[in-house]
Amino acid sequence: MKSQETMLCCLMLFLATECSHYRSKDGDKHQHPEGKLKTGTIQEKCRGPCLTASNCSQPCAQHFRGEIGFTCHQNKWQKSTETCTSLSVETFFKDFNSALRLSVAAASVPLYVLDFRAPEPLESVAQGIRRNCPVDYACIIDVVKSSEATSGNIAFIVELLRNISTDLSDNVTPEKMKSYSEVANHILDTAAISNWAFIPDKNTSSDFLQSMNLFARQLHIHEDSENIADELFIQTKGFHINNDTSEKKFNFSTSMNNMTEGIIGMIEIPRQELWKLPPNASQAISIAFPTLGAILREVHLPNVSLPRPVNGLVLSVILPERLKQVLLTFEKINKSQNARAQCVGWHSRKRRWDENVCETTLEIMNKVKCQCNYTGMVMSFSILMSPKSVDSKVLDYITCIGLSISIFSLILCLIIEAAVWSRVVVTEISYMRHVCIVNIAVSLLIANVWFIINSNFHKKAQDSNWCVALTFFSHLFYLSLFFWMFFKALLIVYGILVVFRRMMKSRMMAIGFAIGYGCPLVIASTTVAITVPEKGYMRPDACWLNWDNTKALLAFAIPALVIVAVNLVVVLVVAVNTQRPSIGSSKAQDLAIIMRISKNVAILTPLLGLTWGFGIATLIEGTSLIFHIIFALLNAFQGFFILLFGTIMDHKIRDALRMRMSSLKGRSRAVENASLSPTNGSKLMNR
């Protein structure tokens with residue numbers, strides 16, 4: 001008896017110690033609720049000299065395992081990676097095992113029932129969940145919520161969620177999904193977003209989203225419509241559907257934090273898609289993430305500038321395999337007028353946003369509607385923000401109408417030049433002047449045709465060699481336009497200063513074609529040779545020169561702007577030289593000189609590409625829409641300017657055209673008179 005009493009006292013003392021230990025730990029969790037999302041503080045940064053691109057590491061703060069990596073940047077140590085974690089498999093169930101022992105320690109239970117041996121070691125958290133809380137996974141929630149959201153803890157929790165989604169997804173109930181969402185909500189907090197960037201494995205965010213979708217796919221809902229999880233940073237909903245169901249919609253309204261208003265998102269399953277379902281009931285599940293867009297990291301692509309900012313909720317949808325299309329509505333987070341939206345879907349295998357799976361059907365200032373294709377690889381959708389691009393119906397109408405007028409004007413210009421060619425090409429200068437006008441019109445006409453092909457073909461061609469060809473020829477002929485303008489300016493200088501007085505026509509033609517087509521060909525070919533191997537030749541969203549990665553657009557902008565500047569100098573030279581009156585000049589001669597200056601300026605201003613000066617402003621981020629409209633107007637109507645100032649306003653061309661028309665009228669009258677003459681009449685009677 002004494003031995004039993006002694007054992008009972010020891011037992012009670014042991015249990016009391018365990019109980020006080022458990023309560024103290026539980027008390028610690030509630031004493032510091034504010035600090036759970038703070039990263040373990042660093043004692044000090046790296047010592048020693050900070051050399052460019054050098055690295056070092058420091059241990060984590062007390063009670064954390066791992067290290068913090070630093071990289072020297074601009075003579076300062078900056079944190080690059082962090083693996084500090086306080087979580088382990090043992091920490092999840094240590095307190096739970098103590099509580100379990102207390103629950104069985106009752107006076108009515110014989111001592112031989114109690115087993116004081118150490119529990120079997122857990123190989124994974126999934127094994128611990130099976131042993132301790134298989135019904136709802138609730139035994140891991142408190143440990144997760146009490147942990148600090150360091151980069152190491154975030155990575156540990158993502159791995160935990162991944163293991164649960166693969167090892168414990170055989171019978172997922174709404175209760176399990178709710179606990180799963182509570183764990184995920186902890187690392188989606190806005191205070192934890194910055195720590196995701198220091199996780200060494202850059203695929204962690206993609207693994208997290210894939211685990212969420214995989215676990216939700218195994219969920220079995222009970223009621224017809226359920227709000228399964230309603231956390232601050234994650235919402236989950238589901239309902240039953242079949243082929244008789246009317247159009248179904250998921251409506252979400254969730255905030256980025258407690259202080260901001262709700263951001264709206266909606267998923268709609270079209271009626272024609274629901275017809276594909278069998279009569280027996282199926283289910284649809286959707287998850288909304290307000291902060292995940294700022295966390296997801298895309299795999300680097302050579303032709304894409306990262307990161308691409310997400311401007312709405314990330315909406316995941318899990319549907320039956322037969323359904324292939326969904327309609328989504330996103331409210332923009334950034335409602336700026338210049339923030340153009342692009343509908344995208346997250347490709348889980350490529351680990352990046354895929355713009356080819358979605359189409360923007362409507363975009364207004366605050367909301368965007370998308371039509372997206374649903375597949376097993378693409379189950380999450382959102383909108384990207386493109387602040388550098390401006391989308392406006394006004395610009396579309398201006399471009400469409402302007403290009404139509406421009407192409408018609410250029411064709412008319414070439415017809416007029418062909419009609420009056422023999423009458424206006426009298427001297428070498430006049431001959432080369434009209435050669436310039438013809439080649440300027442041809443270059444711009446071909447460039448406009450390539451522009452139309454690009455605008456209708458770029459979505460299909462951007463991943464193929466066709467896009468390279470489209471970009472190359474557009475680049476070539478737009479450059480040819482400028483270089484022929486440049487040669488025309490040289491001809492003006494030649495006509496005013498008479499520098500090359502005895503130059504032969506054949507030599508002038510050779511120089512003209514070498515400048516007009518040779519220089520653009522060299523520049524365009526060099527650009528292709530340098531940037532295509534690096535996959536930085538084209539923009540990701542259009543068949544045109546890349547800017548963000550390789551700055552290939554400079555191969556067009558620099559020559560064009562230099563030519564514009566040179567041509568401005570030519571205009572000044574023309575003005576200065578034509579203002580020098582010869583001896584014996586009268587006022588009438590001075591007036592003629594002034595008229596000549598005005599005419600030269602009026603012709604040179606549109607022909608020498610001054611409109612592209614407004615193009616510089618459109619490259620600046622945040623530029624007002626008015627600059628884009630002015631540039632679109634002037635650029636789209638360049639063909640009309642060439643017809644007006646280069647052809648119609650030239651009095652010699654007008655005179656030659658009148659003579660041509662008069663001669664045609666004279667010939668028609670002669671033919672008519674000849675047909676009505678008596679001789680012809682008698683011949684007809686004899687026949």
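Residues numbered from 1 in each chain as written. Predicted model: local features only at pLDDT ≥ 70, side-chain atom pairs only at ≥ 80, totals over all residues. Heavy atoms only, no water.

K.L.:
What should I look at first to understand the pattern of salt bridges in this one?
P.N.:
A pair can form between side chains of opposite charge whenever their charged atoms are brought close. Throughout the structure, instances matching the rule amount to ten salt bridges. Among the ionic pairs, Lys79 bridges to Glu82, the shortest N-O distance being 3.0 Å. Here Arg351 and Asp207 are joined by a salt bridge, their closest N and O atoms 3.0 Å apart. One end of the pair, Arg351, is in the loop between β11 (340–347) and β12 (352–354); the other, Asp207, is in helix α8 (residues 204–217), with 144 residues separating them in the sequence. By relative accessible area, Asp207 is classed as buried at 19%. Salt bridges sharing partners connect three or more residues here, namely Lys145, Lys178 and Glu182. (Salt bridge = Lys/Arg side-chain N within 4 Å of Asp/Glu carboxyl O. Helix = DSSP H or I, 4+ residues; strand = E, 2+ residues; numbered from the N terminus. Buried < 20%, exposed > 50% of the residue type's maximum accessible area, 1.4 Å probe, protein only.)

K.L.:
Before we go on, may I ask you to explain a nonpolar patch on the surface in this structure?
P.N.:
On the surface, Trp547, Leu554, Ile558, Val562 and Val566 cluster together into a nonpolar patch covering about 380 Å² of accessible area. Within the secondary structure, Ile558 is located in helix α14 (residues 554–578). Classification of Ile558 as partly exposed rests on a relative accessible area of 47%. (Patch = residues over 30% accessible without salt bridge, like charges linked within 9 Å, V, L, I, M, F, W, Y side chains within 5 Å. Areas by Shrake-Rupley, 256 points an atom, 1.4 Å probe, with all protein chains shown as cover.)

K.L.:
Help me understand the packing of aromatic side chains, please; the structure alone is not making it clear to me.
P.N.:
Per the counting criterion, the structure on display carries 16 aromatic pairs. Relative to Trp353, the ring of Trp346 lies with its centre 5.1 Å away and its plane at 80°, an arrangement referred to as edge-to-face. Between Phe513 and Tyr517, the ring centres sit 5.9 Å apart and the planes meet at 35°, which makes this aromatic pair tilted. With Phe513 and Tyr517 both in helix α13 (residues 505–531) and four residues apart, this pair spans about one turn of that helix. Note on Tyr517: relative accessible area 23%, which makes it partly exposed. Three or more aromatic residues joined by ring pairs make a cluster, and in this case those are Trp484, Phe487, Phe513 and Tyr517. When the ring centre of Phe198 is taken as origin, the NZ or CZ atom of Lys79, which lies over that ring, is 4.3 Å away. Its guanidinium or amino end placed over the ring of Phe252, Lys237 lies 5.0 Å from that ring's centre, counting from NZ or CZ. (Phe/Tyr/Trp six-rings, centres within 6.5 Å; stacked < 30°, edge-to-face > 60°. Lys NZ or Arg CZ within 6 Å of the ring centre and 35° of its normal.)

K.L.:
Is there a simple way to explain the packing of helix α6 (residues 174–187) against α8 in this structure?
P.N.:
The packing of two helices is summarised by the inter-axis angle and the distance between the axes. Taken N-terminus to C-terminus, the directions of α6 and α8 make an angle of 170°; their axes are 11 Å apart at the nearest point. In terms of orientation, α6 and α8 fall into the roughly antiparallel class. Side by side, α6 and α8 meet where Lys176, Met177, Tyr180, Ala184 and Ile187 of the first sit next to Phe208, Ser211, Met212, Phe215 and Ala216 of the second. Considering only residue class, the contact of α6 with α8 consists of eight nonpolar, one polar and one charged. (Axes fitted to C-alpha atoms, helices over the stretch in contact; angles between N-to-C directions. Parallel < 35°, antiparallel > 145°, perpendicular 65-115°, else oblique. Contact = heavy atoms within 4.5 Å. Nonpolar A, V, L, I, M, F, W, Y, C, P; charged D, E, K, R; others polar.)

K.L.:
Hey, could you run me through the sheet that holds strand β3 (residues 76–82) in this one?
P.N.:
Within a sheet, each strand pairs with its neighbour through backbone hydrogen bonds, oriented either parallel or antiparallel. Spatially, β1-β2-β3 is the arrangement adopted by the three strands of the open sheet, whose pairing is antiparallel. Only two strands of the sheet have a single partner each, and these edge strands are β1 (55–59) and β3. Neighbouring strand axes in the sheet, compared pairwise and without regard to direction, differ in orientation by 35° on average. Pairing geometry for β1 and strand β2 (residues 67–73), over five bridges, is antiparallel. Within β2, the position partnered with Cys56 by the bridge is Phe70. (Pairing = 2+ DSSP bridges.)

K.L.:
What exactly am I supposed to notice about the state of the cysteines here?
P.N.:
As used in these notes, a disulfide is a covalent bond between sulfur atoms, one from each of two cysteines. Under the definition given, this model contains five disulfides. For Cys60, the disulfide goes to Cys84, at an S-S distance of 1.9 Å. Here Cys60 and Cys84 share a disulfide; its torsion about the S-S bond, -90°, makes the bridge left-handed. Linking Cys60 in the loop between β1 and β2 with Cys84 in the loop between β3 and α2 (89–104), this pair joins segments that are 24 residues apart in sequence. (Disulfide = S-S within 2.5 Å.)

K.L.:
How should α8 be read in this particular structure?
P.N.:
Think of an α-helix as 3.6 residues a turn; residues three or four steps apart then line up on the same face. Over its 14 residues, α8 extends 20 Å from the first C-alpha to the last, a length consistent with the 20 Å expected when each residue adds 1.5 Å. By the criterion of burial, α8 is predominantly enclosed, with eleven of the 14 residues buried. Along α8, the residues classified as buried are Thr204, Ser205, Ser206, Asp207, Phe208, Leu209, Ser211, Met212, Asn213, Phe215 and Ala216. (Expected span 1.5 Å × (residues − 1).)

K.L.:
For this particular structure, what's the right way to read the nonpolar core?
P.N.:
Most often, soluble globular proteins have nonpolar side chains that are buried together. Counting 86 residues, the largest nonpolar core has Ile140, Phe208 and Phe289 as the members making the most contacts within it. Here this core takes six residues from helix α5 (residues 151–167), the largest share from any one element. If near-sequence neighbours (up to four positions away) are discounted, Ile140 is found in contact with Phe92, Phe93, Val125, Ile129, Leu160, Ile164 and Val183. Within the second largest apolar cluster, 52 residues are counted, among which are Ile407, Cys467, Ala524 and Leu553. (Core = buried A, V, L, I, M, F, W, Y, C linked by side-chain atoms within 4.5 Å.)

K.L.:
When you look at the sheet that holds strand β14 (residues 367–373) in this model, what are you seeing that I'm missing?
P.N.:
The five strands are arranged β6-β7-β10-β14-β13 in an open sheet whose pairing can be described as antiparallel. In the strand order of this sheet, the two ends are held by β6 (248–254) and β13 (358–363), each with one partner. This sheet shows a mean twist of 20° between the axes of neighbouring strands, independent of strand direction. The pairing of β13 with β14 spans five bridges and is classified as antiparallel. Directly across from Thr360, in β14, lies its bridge partner Cys370.

K.L.:
I keep staring at helix α18 (residues 638–648) and nothing clicks. Help me out?
P.N.:
Taking burial as the measure, the eleven residues of α18 include eight buried ones, the bulk of the element. Every buried residue of α18 is accounted for by Gln638, Gly639, Phe641, Ile642, Leu643, Phe645, Gly646 and Thr647.

K.L.:
Would you explain the environment of Ala419 in this entry?
P.N.:
Within the fold, Ala419 resides in helix α10 (residues 393–424). Given the relative accessible area of 25%, Ala419 is considered partly exposed. Considering only alpha carbons, one finds Ala419 and Arg660, 241 residues apart in sequence, at a separation of 7.4 Å.

K.L.:
So what exactly am I meant to see when it comes to the packing of α5 against α8 here?
P.N.:
Taken N-terminus to C-terminus, the directions of α5 and α8 make an angle of 30°; their axes are 9 Å apart at the nearest point. On the basis of the axis angle, α5 is roughly parallel to α8. In the crossing of α5 with α8, the sense of the turn from one axis to the other is left-handed. For the pair α5 and α8, contact is made by Val158, Leu161, Arg162, Ile164, Ser165 and Thr166 and by Thr204, Asp207, Phe208, Ser211, Leu214 and Phe215, respectively. Per-class residue counts for the contact of α5 with α8 are six nonpolar, four polar and two charged. (Left-handed = near helix turned anticlockwise from the far one by under 90°.)

K.L.:
I would appreciate a short explanation of the environment of Ile228 in the present structure.
P.N.:
With respect to the element layout, Ile228 can be found in strand β4 (residues 225–230). Sequence separation of Ile228 and Glu175 is 53 residues, and the distance between their C-alpha atoms is 7.9 Å. For Ile228, the contacting residues outside a window of four places in its chain are Pro174, Met177, Lys178, Leu219, Ile221, Thr236, Lys237 and Gly238.

In short, the description is geometric, and any link to function would need to be established separately.
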